[in-house]
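# Examining the three-dimensional arrangement
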Amino acid sequence: MTDIRHDWSRADIGALFDLPFNDLIHRAQTIHRRYFDPNAVQVSTLLSIKTGACPEDCGYCPQSARHDTELKHEPLMALEGVVTAARAARDAGASRFCMGAAWRNPREKDFVHVLDMVREVKALGLETCVTLGMLHGDQPERLRSAGLDYYNHNLDTSPEYYGQVITTRTYQDRLDTLEQVRAAGVNVCSGGIVGMGEARQDRVGLLQALANLPQHPQSVPINYLVQVAGTPLAGTAGLDPFEFVRTIAVARVVMPASVVRLSAGREGMDDALQALCFLAGANSIFYGDKLLTTDNPAAERDRALFGRLGLTPAEPEQRSAGVRTADRAAPVAASG
């Protein structure tokens, strides 16, 4: 029987969350080893190519024009600066370069410059990823033609809790963007944020929404809320670290062939918690000092942690054979 399913019920996923911690980790690690080298971690670098002044009201985001976070607004970067940053990321060991712009949706005059960025970054031998908000018309196809490998567009949370966090864009808007990206033949990067005051049932709902998509996202970032003063979610009670690890583990079980990224929030995690996340099935990180506008562990700290755990940066051929075919990825022999 295949591990790949698209018919997960909330009861099914809730039962995974309810497992004794050791049993859940064992199940997640067993599945992880069927599809991936357990000691290889994909490394990405994220650059904010246009910062601040976003018209959306996402309660977690310091880039919203509606929140007083004292964030300095910056226009779309010049191509040369992006290429310089991408080259530095490649030389530091990243295999994927992700570019994020604080837009509701890209305007044509900006979009053509982003296409140039994708082409130039791709020419450096890096995988390319962008997050630009909602897409329309032929934009997904044009991104694919420029060489885009991944498009990031998170669902953020469950459909039920979504309205508590965002009111300027609907859940269906997000699902529609993912469908456009899939239809264009671009890999989907989509996950969510935990620790926003949601209940466990909302984490269940988020993972159900992702796992029951027509094709599992090839990349699934799980973010731990970074609270920024001036945003509506600043002061939210923190999430229990073991619940965060459980979320990683359940994501691995319900989306076995997807790369699960330990994403925002790592700056506040100690090495032991990160090690538990890798054990639970996380096999990707963002590498570098910044994630858009929030801090991220320094590269030296990450290299030291990889050395202590015996982890290595994944080369493209080490990852699941899932570029545009994650749901059909053949399990790999366990190593280690």
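Please read all numbers here as calculations on a predicted model, not as lab measurements.

## What to know about the nonpolar core
Residues Y60, L143 and F244 are the most contacted members of the largest nonpolar core, which totals 94 residues. Residue contacts for Y60: discarding those within four places in its chain leaves D156, V165, I166, R174, I193, M196, L225, V226, T231 and L233. Within the second largest apolar cluster, 5 residues are counted, among which are L46, C129, Y150 and F286.

## Some words on helix α7 (residues 200–211)
Given a rise of 1.5 Å per residue, 12 residues ought to cover 16 Å, and the 16 Å separating the end C-alpha atoms of α7 matches this to within 8%. Most of α7 sits out of view: 10 of its 12 residues are buried. Taken residue by residue, α7 has D202, R203, V204, G205, L206, L207, Q208, A209, L210 and A211 as its buried positions.

## Some thoughts on the packing of aromatic side chains
Counted under the stated rule, the structure contains 4 aromatic pairs. Look at Y162 and Y171: their rings are 5.3 Å apart centre to centre, the planes differ by 85°, and that puts the pair in the edge-to-face class. Accessibility assignment for this pair places Y162 and Y171 in one class, buried. Directly above the aromatic system of W8 lies the positively charged group of R5, at a separation of 3.9 Å from the ring centroid. When the ring centre of F286 is taken as reference, the NZ or CZ atom of R261 above it lies at 4.5 Å.

Thresholds, definitions, all that
Residues numbered from 1 in each chain as written. Predicted model: local features only at pLDDT ≥ 70, side-chain atom pairs only at ≥ 80, totals over all residues. Heavy atoms only, no water. Core = buried A, V, L, I, M, F, W, Y, C linked by side-chain atoms within 4.5 Å. Buried < 20%, exposed > 50% of the residue type's maximum accessible area, 1.4 Å probe, protein only. Contact = heavy atoms within 4.5 Å. Helix = DSSP H or I, 4+ residues; strand = E, 2+ residues; numbered from the N terminus. Expected span 1.5 Å × (residues − 1). Phe/Tyr/Trp six-rings, centres within 6.5 Å; stacked < 30°, edge-to-face > 60°. Lys NZ or Arg CZ within 6 Å of the ring centre and 35° of its normal.

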